[in-house]
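The residues making up each chain are set out below.
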Amino acid sequence: MNKPVSPDELITDEDGPLYAPRKKVFPQSVSGRFRSIKWRLMIVCLGVYYFLPFVRWHRGLGAPNQAVLIDFPNSRFYFFFIELWPQEVYYFTGLLVLAALTLFLMNALGGRIWCGYLCPQTVWTDLFYAVERLVEGDRRAQIKADAGPMTVKRAGRRLLKHAIWLVIAWWTGGAWVLYFADAPTLVHDLATFQAPAVAYIWIAALTASTYLLAGHMREQVCVYMCPWPRIQAALTDEWALNVTYKYDRGEPRCSVKKAFDIRSLGEKAGDCIDCNQCVAVCPTGIDIRDGAQLGCIQCGLCIDACDAVMTKVSRKTGLIGYDNDINVQRRVAGKQEIFKPVRARTVVYASLITIVCAVMLYALMSRTLLDVNVLHDRNPIAVRLSDGEIRNGYTIRFLNKRGFDRVIAIDVDGPADAKLHVIGADSVTPDRPMIVIGRDTTTELRVLVTAPFDEKAEKSVPVTFRVTDIGLGEVASATDHFVLP
Amino acid sequence: MSEHDEIDRVSGRSTTGHEWDGIKELNTPLPRWWVLTFYATIIWAIGYWVVYPAWPLVSGYTTGLFQYSTRASVVTDLADLEKLRGEKMAVLGNASLADIEKDPALLALARARGKTVFADNCAPCHGSGGAGAKGYPNLNDDDWLWGGSLDQIMQTIQFGARSGHAKTHEGQMLAFGRDGVLKKDEIVTVANYVRSLSGLSTAPKFDAAAGKKIFTENCTSCHGDNGKGNQEVGAPDLTDKIWLYGSDEDTLVETITNGRAGVMPAWVGRLDPVTVKALAVYVHSLGGGK
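Analysis parameters
- Residues numbered from 1 in each chain as written.
- Chains lettered and ligands numbered in written order.
- Predicted model: local features only at pLDDT ≥ 70, side-chain atom pairs only at ≥ 80, totals over all residues.
- Helix = DSSP H or I, 4+ residues; strand = E, 2+ residues; numbered from the N terminus.
- Rg over C-alpha atoms; globule rule 2.2 N^0.38 Å.
- Buried ≥ 20, exposed ≤ 12 C-beta atoms within 10 Å, placed from the backbone.
- Contact = placed C-beta atoms within 7 Å.
- Nonpolar A, V, L, I, M, F, W, Y, C, P; charged D, E, K, R; others polar.
- Domains from an automatic or database assignment.
- Pairing = 2+ DSSP bridges.
- Axes fitted to C-alpha atoms, helices over the stretch in contact; angles between N-to-C directions.
- pLDDT = per-residue confidence, 0-100.
- Core = buried A, V, L, I, M, F, W, Y, C linked by C-beta atoms within 7 Å.
- Parallel < 35°, antiparallel > 145°, perpendicular 65-115°, else oblique.
- Left-handed = near helix turned anticlockwise from the far one by under 90°.

J.: Help me understand the overall build of chain A in this model?
T.: Regarding its fold elements, chain A presents 16 helices and 14 strands. Over its C-alpha trace chain A gives a radius of gyration of 34 Å, far above what one expects of a compact globule, namely 23 Å for 485 residues. Overall, the C-alpha framework of chain A stretches about 115 × 70 × 60 Å when taken along its three principal axes. The burial tally for chain A puts 26% of its 485 residues in the buried class. In chain A, of all internal contacts separated by at least 6 residues, the share reaching a separation of at least 24 is 70%.

Printed below as a string of structure tokens:
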């Protein structure tokens with residue numbers, strides 16, 4: 001039984017909110033090895049994303065000359081020398097498998113390389129941070145302004161920052177739609193307000209999502225929204241290198257002066273001088289010295305910050321670095337560090353990547369550019385002609401994946417003395433039916449196969465339609481059945 | 001609610017004053033956002049009544065300011081479809097039947113249109129694939145009562161057979177038995193003779209000479225001296241392997257006794273000329289076209 005509780009003793013929501021309030025992050029600018037790697041990767045990633053639609057690739061007359069194009073109206077995907085039809089979309093399955101395995105391999109070798117350097121969320125957030133620092137000043141200035149009152153100058157700067165953010169976000173959305181239509185034409189149409197509404201809608205949606213994700217949500221996307229940190233933690237092992245604070249070297253933390261004193265007494269002092277630079281530069285606002293954690297995207301900026309400080313205080317760099325707990329323990333025990341990039345896990349991932357690559361390459365090389373499908377008439381299955389012969393009707397569909405028209409001949413292998421009759425083709429070429437199939441398209445034909453009636457023959461015999469490109473000699477065939485009534 | 005202003009000791013909330021077996025109901029008002037949304041829906045509903053059809057009246061209903069009607073939009077949608085189709089099919093109207101068959105693009109268009117029209121209008125008798133049934137010709141084979149050229153097929157579709165249209169195909173199989181022209185045993189004899197024309201087995205005591213005599217006297221005027229038939233009057237070829245009603249003796253006796261006069265309706269006026277054209281091309285392309 002519940003006892004009556006006096007109102008004074010009630011437990012209320014005032015214990016605290018259900019959600020942790022966001023800690024504002026003002027990452028400080030930093031320079032160094034990893035920062036310059038990140039700048040370069042950002043330039044490459046964004047450069048590819050923003051400018052790839054403008055790269056031209058000549059495919060011949062009548063075909064689009066955009067190197068990378070997802071052509072929905074005509075259901076084609078163009079990637080430089082590759083042109084995929086909708087039924088070949090399984091290549092993308094291969095790409096996705098490849099992407100997943102590469103992610104796993106990166107994780108097994110160097111932790112969250114994807115998160116720290118390549119993930120769009122990281123790249124765009126990094127860019128937005130750079131803009132923020134450019135306009136509103138570095139960490140200190142931002143913290144000071146944030147604590148102080150809103151002034152006209154500050155409001156102006158903030159407005160400028162958001163304006164630049166929006167321009168970047170808008171360009172991001174704009175680049176996206178360029179992958180789905182001829183880029184120069186679409187740019188012109190967009191500028192003159194003649195582009196289809198769907199283009200504007202997509203630009204608006206992606207502008208909003210970029211502005212929101214990179215400008216406002218930032219590290220919260222990684223900490224709260226992204227599934228990869230959770231999966232990553234489950235996929236990693238003790239040998240994977242992660243951005244690690246080498247606490248065996250760093251602890252106990254003490255100031256430079258105190259460390260000098262301790263060392264002069266011949267005792268061990270930690271290298272960490274507790275300057276907090278690693279925290280100041282962190283884009284997700286965590287303290288790497290707390291060990292591996294969900295919020296750490298392993299961008300390596302704390303390594304740069306720490307190295308700079310270590311150089312200043314004349315200590316060895318690398319207090320924070322790519323390392324793992326095994327080596328920390330070994331150093332504590334006075335043993336040699338060991339690194340095992342080659343181990344069962346990485347070998348398996350690498351082999352799987354090789355296999356998937358090989359399979360995809362084979363599938364791509366051996367894909368047919370001439371194909372034929374056949375469908376037997378359902379009703380009637382067989383027709384008896386006036387002279388007693390039996391006829392079966394078929395619908396045949398040809399696929400010409402080449403960029404030019406071609407003449408193909410159709411032959412049939414099937415019941416004895418079978419005659420082939422192609423509706424619409426035989427008046428021109430009665431002996432061996434030939435038709436022209438248009439470039440980069442499919443053609444459907446009605447085909448009749450007639451054979452003498454033989455009571456002793458099987459009720460159903462295989463019939464193979466062979467199509468031969470007269471010019472190139474390419475052959476494709478499809479098999480169905482010839483059925484007696 | 002002042003008379004119920006009792007404060008619940010546990011929750012610190014006021015009660016409604018309702019009490020059942022000592023259990024008092026707390027006053028838990030709806031959230032403000034909920035109430036506002038509710039009011040908004042009421043206002044929306046009133047607006048909806050004004051602009052859209054809403055209330056039934058004695059004869060009719062309130063039509064609303066927008067004059068919206070799903071029935072009216074069906075009519076306009078259908079009209080739009082007809083217009084669109086008319087534009088697409090105009091090329092067929094301008095081309096001759098032979099030209100349509102020669103041009104792959106026109107052929108594909110005509111076949112596509114013909115196929116849907118066939119399914120809507122012809123399939124009930126001729127079957128979804130034109131395979132026919134007893135009394136309804138198979139349109140896939142090469143045996144034609146009224147001719148299997150493109151023009152002849154189109155003629156038959158337009159005006160039908162024994163349809164009552166002024167230009168329809170005429171001619172019928174007489175009821176030789178019912179009208180007393182032939183006696184029962186003569187009918188059996190000539191039925192066996194007809195079977196022999198296409199190489200089918202005959203009854204053991206069949207008199208071929210008598211059969212031929214009866215056939216020559218009664219049947220050749222329509223079916224021809226050799227029984228090859230006559231497409232002018234829709235008389236089938238009796239020497240081939242295709243039988244519209246059946247080739248067994250009983251069926252033949254029935255045919256000769258009671259006659260046959262299957263009807264194909266005239267489609268002119270029911271289908272527009274371009275559609276009939278497409279239909280003719282489609283039927284011709286089923287395989288049996290001459």
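J.: Teacher, can you tell me more about the interface of chain B and chain A here?
T.: Size of an interface: often given as the accessible area lost when the parts come together. With 23 residues of chain B at the interface, the matching set in chain A holds 22 residues. The set of elements that each furnish at least two residues to the side of chain B that touches chain A consists of helix H3 (97-102) and helix H4 (104-121) of chain B. With three residues, H4 of chain B is the largest single contributor of residues to the side of chain B that touches chain A. The class makeup of the residues in the side of chain B that touches chain A is six nonpolar, eight polar and nine charged.

J.: Where do I start with the domain arrangement of chain B in this structure?
T.: The assigned domain composition of chain B is domain 1 (2-61), domain 2 (82-168 + 264-285) and domain 3 (184-258). Measuring from the centre of the C-alpha atoms in domain 1 of chain B to the corresponding centre in domain 3 of chain B gives 87 Å.

J.: Would you explain the domain arrangement of chain A in this entry?
T.: Residue and element names in this part refer to chain A. Under the domain assignment, chain A is made up of domain 1 (33-235), domain 2 (242-332) and domain 3 (370-483). On a C-alpha basis, the centres of domain 1 and domain 3 stand 50 Å from each other. Taken residue by residue, the interface counts five residues in domain 1 and four residues in domain 3. Each residue belonging to the side of domain 1 that touches domain 3 can be placed in one class, and the counts come to two nonpolar, two polar and one charged.

J.: How should the sheet that holds strand E2 (residues 76-79) of chain A be read in this particular structure?
T.: Adjacent strands of a sheet pair through backbone hydrogen bonds, lying either parallel or antiparallel. All names here are of chain A. Strands sit in the order E1-E2-E3 across an open sheet of three strands; the sheet is antiparallel. Strands at the two margins of the open sheet, each flanked by one partner only, are strand E1 (68-71) and strand E3 (82-84). In this sheet, adjacent strand axes meet at a mean angle of 10° when their direction is disregarded. Here E2 pairs with E3 via three bridges, running antiparallel. Bridge assignment links Phe 77 to a residue of E3, and that residue is Leu 84.

J.: What's the story with the pairing of strand E2 (residues 23-26) of chain B in this structure? I'm lost.
T.: Regular strands show a simple pattern: their side chains alternate between the two faces of the sheet. All names here are of chain B. Both strand E1 (residues 15-20) and E2 contribute to a ladder of three bridges, which runs antiparallel. Considered in E2, the bridge of Thr 15 is made with Leu 26. Hairpin connection of E1 to E2: two residues between the antiparallel strands, including Asp 21 at a positive phi of 45°.

J.: What is the right way to look at the confidence of the model for chain B in this model?
T.: For residues with low pLDDT, the predicted coordinates do not support detailed interpretation. When pLDDT is averaged across chain B, the result is 91; 98% of the residues are at 70 or more. Our summary of model confidence lists the complex with pTM equal to 0.75 and ipTM equal to 0.77.

J.: Would you explain the pairing of strand E9 (residues 406-413) of chain A in this entry?
T.: All names here are of chain A. Summarising the sheet, E9 and strand E11 (residues 434-437) pair through four bridges and their orientation is antiparallel. Paired with Ile 408 across the strands is Ile 435, a residue of E11. Strand direction decides the pairing type here: E9 and strand E13 (residues 460-469), joined by six bridges, are antiparallel. By the bridge assignment, Asp 411 is partnered in E13 with Arg 466.

J.: Explain the environment of Glu 101 of chain B here, please?
T.: Within the fold, Glu 101 of chain B resides in helix H3. The spatial distance from the C-alpha of Glu 101 of chain B to the C-alpha of Leu 150 of chain B is 9.4 Å, given a sequence separation of 49 residues. Among all residues touching Glu 101 of chain B, those that are not within four sequence positions of it are Gly 424 of chain A together with Leu 107, Leu 150 and Val 281 of chain B.

J.: For this particular structure, what's the right way to read the nonpolar core?
T.: Across soluble globular proteins, nonpolar side chains show a tendency to be buried alongside one another. Residues and elements named next belong to chain A. Counting 39 residues, the largest nonpolar core has Cys 302, Cys 306 and Ile 320 as its most contacted members. In terms of residue count, helix H14 (residues 301-312) provides more of this core than any other element does, seven residues in total. Domain assignment of the residues forming this core places at least three in each of domain 1 (33-235) and domain 2 (242-332). Apart from residues lying up to four places away in sequence, Cys 306 is in contact with Gln 277, Cys 278, Leu 319 and Ile 320. Listed in part, the 22 residues of the second largest apolar core include Tyr 394, Ile 410, Val 449 and Ala 451.

J.: Teacher, can you tell me more about unusual backbone geometry here?
T.: Trans is the common state for peptide bonds, and a negative phi is the common state for residues other than glycine. All names here are of chain A. Here the residue pair Glu 251 and Pro 252 is connected by a cis peptide bond, since its omega of -10° sits within 30 degrees of zero. Checked against the element boundaries, Pro 252 lands in the loop between helix H11 (247-250) and helix H12 (256-264). Looking along the chain, the bond that leaves Asn 379 and enters Pro 380 is cis, with omega of 0°. Turning to its location among the elements, Pro 380 is positioned in the loop between strand E6 (370-376) and strand E7 (383-384). Of note, Phe 193 is a non-glycine position whose phi angle comes to about 60°, a positive value. By secondary structure assignment, the location of Phe 193 is in the loop between helix H7 (183-191) and helix H8 (197-217).

J.: For this particular structure, what's the right way to read the sheet that holds E11 of chain A?
T.: Residue and element names in this part refer to chain A. Here four strands make up an open sheet; going across it, the order is E11-E9-E13-E14 and the pairing antiparallel. Among the strands making up the open sheet, the edge pair consists of E11 and strand E14 (475-483). This sheet shows a mean twist of 30° between the axes of neighbouring strands, independent of strand direction. Strand direction decides the pairing type here: E13 and E14, joined by nine bridges, are antiparallel. The residue bridging Val 467 from the neighbouring strand is Ala 476, located in E14.

J.: Would you mind showing me how to read the packing of helix H2 (residues 70-94) of chain B against helix H11 (residues 273-285) of chain B here?
T.: Two quantities define a packed helix pair, namely the angle between the axes and the distance from one axis to the other. Residues and elements named next belong to chain B. Two elements in contact, H2 and H11, have axes separated by 9 Å at closest approach and are oriented at 70°. In terms of their interaxial angle, H2 and H11 are classed as roughly perpendicular. Judged by the twist between their axes, the crossing of H2 over H11 is left-handed. Residues Met 89, Leu 92 and Gly 93 of H2 form the contact with H11, whose participating residues are Pro 273, Val 274, Lys 277 and Ala 278. Of the residues that constitute the contact of H2 with H11, the class distribution is five nonpolar, one polar and one charged.

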